[in-house]
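One letter stands for each residue in the lines below.
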Amino acid sequence: MSQQTPPQSSVVDVSIPSVARMYDYYLGGKDNYAVDRAACDELSKVVPSTQVLALNNRRFLQRVVRWLAQEHGIRQFIDHGSGLPTQDNVHQVAQAVDPASRVVYIDNDPIVLAHGRALLEENANTAVIQADMRDTDGIFGSPEVKRLIDLDQPVAALFVSVLHCIPDSDDPGGLVARVAERLVPGSFLVVCQLVSEDPATRDFVTNFMAESTHGQWGRVRQAHELAAFLDGLEIQEPGLVEVSTWKPDAELGPRQLTKEWIEFGGVARKA
Ligand SMILES: C[S@@+](CC[C@H](N)C(=O)[O-])C[C@H]1O[C@@H](n2cnc3c(N)ncnc32)[C@H](O)[C@@H]1O
């Protein structure tokens, strides 16, 4: 399916939990429905760390964007699987460093367009498109990417907490490589996903999420599998790690008391 993406629906189906709305619930947002909250509550019974993990993931995203903007002068971001707007979205963090920073948000969940457009398209330097992130040709050929992203300059392509939504049959590593190929040297790829070294956790969550979301899910993986997605790229210090330990700042984040699964990832540079 990597070359054939499903048609995008504009209808928000409130009878089936969605990953975007479940994540919104875990982050304390309001754009979720009873069905999403019930699925989260059920999931948390087996993997109680999930809310803390989601909060820490979001902080990781913000730290990475700030670091890329401040330390590496990155002014262009393509955010694959952006999720619903919350506090300190990618463009707000990047534009706090330089208001001229440009961001294209991509999500296939219609709720991101329906509820998110007003905030995610706050100014002329941001755009949100409803697309399947596997459709690299469509995304790079879109009017929004053509308008906002100069492919002769470095870009940061973000895949933050999204690759577990892509099944192996759709080759998540191939997706990262396809995007990297389009970017000039000096660009960055940010990748993290849910991993567990416990087979029972991996199987339970993978099956639970696949069933709950009617197939909008891939797989909880193992840490070593993620490293393979970044083959040929220069992994930046501190390497691939549990994301709350990636260049932590002074702000105290919530502690993940149980580690049955973690959000694991880091940043790679195209040499
Ligand atoms: C856990 S949220 C992560 C949001 C954000 N990247 C973050 O880390 O805060 C995963 C997001 O990926 C989106 N998503 C899942 N599969 C997708 C696909 N094939 N194409 C585009 N977006 C997808 C979901 O709709 C959801 O909004």
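Reading the values: rules and limits
- Residues numbered from 1 in each chain as written.
- Predicted model: local features only at pLDDT ≥ 70, side-chain atom pairs only at ≥ 80, totals over all residues.
- Heavy atoms only, no water.
- Buried < 20%, exposed > 50% of the residue type's maximum accessible area, 1.4 Å probe, protein only.
- Helix = DSSP H or I, 4+ residues; strand = E, 2+ residues; numbered from the N terminus.
- Contact = heavy atoms within 4.5 Å.
- Phe/Tyr/Trp six-rings, centres within 6.5 Å; stacked < 30°, edge-to-face > 60°.
- Lys NZ or Arg CZ within 6 Å of the ring centre and 35° of its normal.
- Axes fitted to C-alpha atoms, helices over the stretch in contact; angles between N-to-C directions.
- Parallel < 35°, antiparallel > 145°, perpendicular 65-115°, else oblique.
- Left-handed = near helix turned anticlockwise from the far one by under 90°.
- Nonpolar A, V, L, I, M, F, W, Y, C, P; charged D, E, K, R; others polar.
- Pairing = 2+ DSSP bridges.
- Right-handed = clockwise from strand over helix to strand, strands pointing away.

- You'll find the protein chain entered in an unreviewed UniProt entry as SAM-dependent methyltransferase, with Streptomyces gilvosporeus given as the organism.

**Re helix α4 (residues 90-97)**
Note: α-helices contain 3.6 residues per turn, so residues at a spacing of three or four share the same orientation.
Then, number 1: Here α4 has its buried residues at Val90, His91, Val93, Ala94 and Gln95.
Then, number 2: Contacts from the buried residues of α4 go to α3 (50-72), β1 (76-80), β2 (102-107), α5 (110-120), β3 (126-130) and β4 (156-160).

**Some thoughts on the environment of Pro248**
Then, number 1: Looking at where Pro248 falls in the secondary structure, it is placed in the loop between β7 (241-242) and β8 (262-269).
Then, number 2: Looking at Pro248, the relative accessible area reads 57%, which means it is exposed.
Then, number 3: A sequence separation of 46 residues divides Pro248 from Arg202, and the C-alpha atoms of the two residues are 27 Å apart.

**Side note on the packing of aromatic side chains**
Note on aromatic pairs: each is described by the distance of the centres and the angle between the planes.
Then, number 1: A full pass over the atoms with the stated rule returns five aromatic pairs.
Then, number 2: Consider the rings of Phe60 and Trp246, whose centres lie 5.7 Å apart with planes at 85°: the pair is edge-to-face. You can see Phe60 sitting in helix α3 and its partner Trp246 sitting in the loop between β7 and β8, a full 186 residues away along the chain.
Then, number 3: Aromatic pair Trp67 and Trp246: ring centres 5.3 Å apart, planes at 90°, arrangement edge-to-face. One end of the pair, Trp67, is in helix α3; the other, Trp246, is in the loop between β7 and β8, and 179 residues separate them in sequence.
Then, number 4: By relative accessible area, which is 0% here, Trp246 ends up buried.
Then, number 5: By way of ring pairs, the aromatic residues Phe60, Trp67, Phe188 and Trp246 are connected into one cluster.
Then, number 6: For Lys247, the ring lying beneath its charged end belongs to Trp246, and the centroid distance is 5.5 Å.

**Observations regarding unusual backbone geometry**
Then, number 1: Residue Pro238 is bonded to the preceding Glu237 through a cis peptide linkage, with omega at 5°.
Then, number 2: Positive phi, close to 60°, is recorded for Ser161, a residue that is not glycine.
Then, number 3: Within the fold, Ser161 resides in the loop between β4 and α8 (172-182).
Then, number 4: Even without glycine at this site, Lys247 takes up a positive phi of about 40°.
Then, number 5: For Lys247, the position within the fold is in the loop between β7 and β8.
Then, number 6: Assessed through its relative accessible area of 31%, Lys247 is described here as partly exposed.

**Side note on the packing of helix α1 (residues 19-26) against helix α2 (residues 34-46)**
Then, number 1: Packing of α1 against α2 leaves a shortest axis separation of 9 Å and a crossing angle of 70°. Taken together, the axis directions place α1 and α2 in an arrangement best described as roughly perpendicular. Like other packed secondary-structure pairs, α1 and α2 cross with a definite hand, here right-handed. Together, Arg21, Met22, Tyr25 and Tyr26 of α1 and Val35, Asp36, Arg37, Ala39, Cys40, Asp41, Leu43 and Ser44 of α2 make up the contact between the two elements.
Then, number 2: A class-by-class count of the residues in the contact of α1 with α2 yields seven nonpolar, one polar and four charged.

**Details of the pairing of strand β5 (residues 188-195)**
Then, number 1: The buried fraction of β5 is high, at eight of eight residues.
Then, number 2: Bridge count between β4 and β5: five bridges; the pairing is parallel. Residue pairing across strands places Ala157 opposite Leu189, the latter belonging to β5.
Then, number 3: Each parallel crossover has a hand, and the one from β4 via α8 to β5 is right-handed.
Then, number 4: Here β5 runs beside β8; their pairing, made up of eight bridges, is antiparallel. Bridged to Val191 within β8 is Gly266.

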